[in-house]
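Residue-level structure breakdown
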Amino acid sequence: QVQLVESGGGLVQAGGSLRLSCAASGSAFTFNTMDWYRQAPGKQRELVAGINSGDETDYADSVKGRFTISRDNAKNTVYLQMNSLKPEDSGVYYCHAALRVFSTKRDYWGQGTQVTVSS
């Protein structure tokens, strides 16, 4: 069974940096897309950054220029480098992966990792 495990979250002061990792196991295929979402209390889950198999990336406007998403297909791992962190970046960050094999489409979610940015 495919499992996504996030790591790298924690407490950091504003202006600091964190690197999140999401390791996927149990898949023999390279995921078509891997993404990072985040959710703050009382807010809906939002897309932070995504990357496809061609290394094309998308970012939320609020994180452009500060966050960088990358992937290592050999390891089925996606990373999110977060710099110049702000308190509003706080929340639970979730890894998401999508896989398409012929006409079959599957989506997978990690359990999340907490990121807290203090003033």
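One can find the structure itself at the top, above this paragraph.
Residues numbered from 1 in each chain as written. Predicted model: local features only at pLDDT ≥ 70, side-chain atom pairs only at ≥ 80, totals over all residues. Heavy atoms only, no water.

This part takes up the state of the cysteines. The full count for this structure, using the stated rule, is one disulfide. Cys-22 shares a disulfide with Cys-95; S-S distance 2.0 Å. Across the disulfide from Cys-22 to Cys-95, rotation about the S-S bond amounts to roughly -85 degrees, and the bridge is consequently left-handed. Highlighted residues: Cys-22 in strand β3 (residues 18–25) and Cys-95 in strand β9 (residues 91–101), separated in sequence by 73 residues. No difference in accessibility class separates Cys-22 from Cys-95, as the two residues are buried. (Disulfide = S-S within 2.5 Å. Helix = DSSP H or I, 4+ residues; strand = E, 2+ residues; numbered from the N terminus. Buried < 20%, exposed > 50% of the residue type's maximum accessible area, 1.4 Å probe, protein only.)

Ranked by internal contacts, the top residues of the largest apolar core, which has 28 residues, are Trp-36, Val-48, Phe-67, Val-78, Leu-80, Met-82 and Tyr-93. Mapped onto this core, the elements with two or more residues apiece are β3, β4 (33–39), β5 (46–52), β7 (67–72), β8 (77–82), β9 and β11 (113–118). Broken down by element, this core gets its largest block of residues, five residues, from β9. Beyond its immediate sequence surroundings of up to four residues, Val-78 is in contact with Leu-20, Ser-21, Cys-22, Met-34, Trp-36, Ile-51, Ile-69, Ser-70, Arg-71 and Cys-95. (Core = buried A, V, L, I, M, F, W, Y, C linked by side-chain atoms within 4.5 Å. Contact = heavy atoms within 4.5 Å.)

The topology assignment puts Lys-64 in the loop between β6 (57–59) and β7. Counting along the chain gives 36 residues from Lys-64 to Arg-100, while the straight-line C-alpha distance between them is 28 Å. Side chain to side chain, Lys-64 and Asp-61 meet in a polar contact 3.1 Å long. (Polar contact = N/O pair within 3.5 Å; in protein donor to acceptor, adjacent residues only side chain to side chain.)

This next bit is on the pattern of salt bridges. For the coordinates displayed, the defined rule picks out four salt bridges. Arg-38 serves as the salt-bridge partner of Asp-89, at 3.0 Å between the closest nitrogen and oxygen. With a gap of 51 residues between them, Asp-89 in the loop between β8 and β9 and Arg-38 in strand β4 connect regions that are remote in the sequence. The exposure class assigned to Asp-89 is buried, which follows from its relative accessible area of 0%. Several salt bridges converge on common partners, so that one network encompasses Arg-38, Glu-46, Arg-66 and Asp-89. (Salt bridge = Lys/Arg side-chain N within 4 Å of Asp/Glu carboxyl O.)

Across the sheet, which stays open at both edges, the four strands sit in the order β1-β3-β8-β7 with antiparallel pairing between neighbours. Across the chains shown, the open sheet's two edge strands, defined by having one partner strand only, are β1 (3–7) and β7. On average, each strand axis in the sheet is inclined to that of its neighbour by 15 degrees, with strand direction left out of account. Looking at chain direction, β1 and β3 are connected through five bridges and run antiparallel. Pairing of Gln-3 across the sheet is with Ser-25, part of β3. (Pairing = 2+ DSSP bridges. Axes fitted to C-alpha atoms, helices over the stretch in contact; angles between N-to-C directions.)

For the structure on display, the rule yields two aromatic pairs. Where Phe-31 meets Tyr-108, the ring centres are 6.1 Å apart and the plane angle is 70 degrees; that geometry is what we call edge-to-face. Placement of the pair is Phe-31 in the loop between β3 and β4 and Tyr-108 in strand β10 (residues 104–109), with a sequence separation of 77 residues. Given a relative accessible area of 0%, Phe-31 falls into the buried group. The ring of Tyr-94 has Arg-45 lying over it, and the distance from NZ or CZ to the ring centre is 3.7 Å. Stacked on the ring of Trp-109, the Lys or Arg Arg-45 has its end atom at 4.9 Å from the ring centre. (Phe/Tyr/Trp six-rings, centres within 6.5 Å; stacked < 30°, edge-to-face > 60°. Lys NZ or Arg CZ within 6 Å of the ring centre and 35° of its normal.)

None of the figures reported here should be taken as evidence of function without further support.
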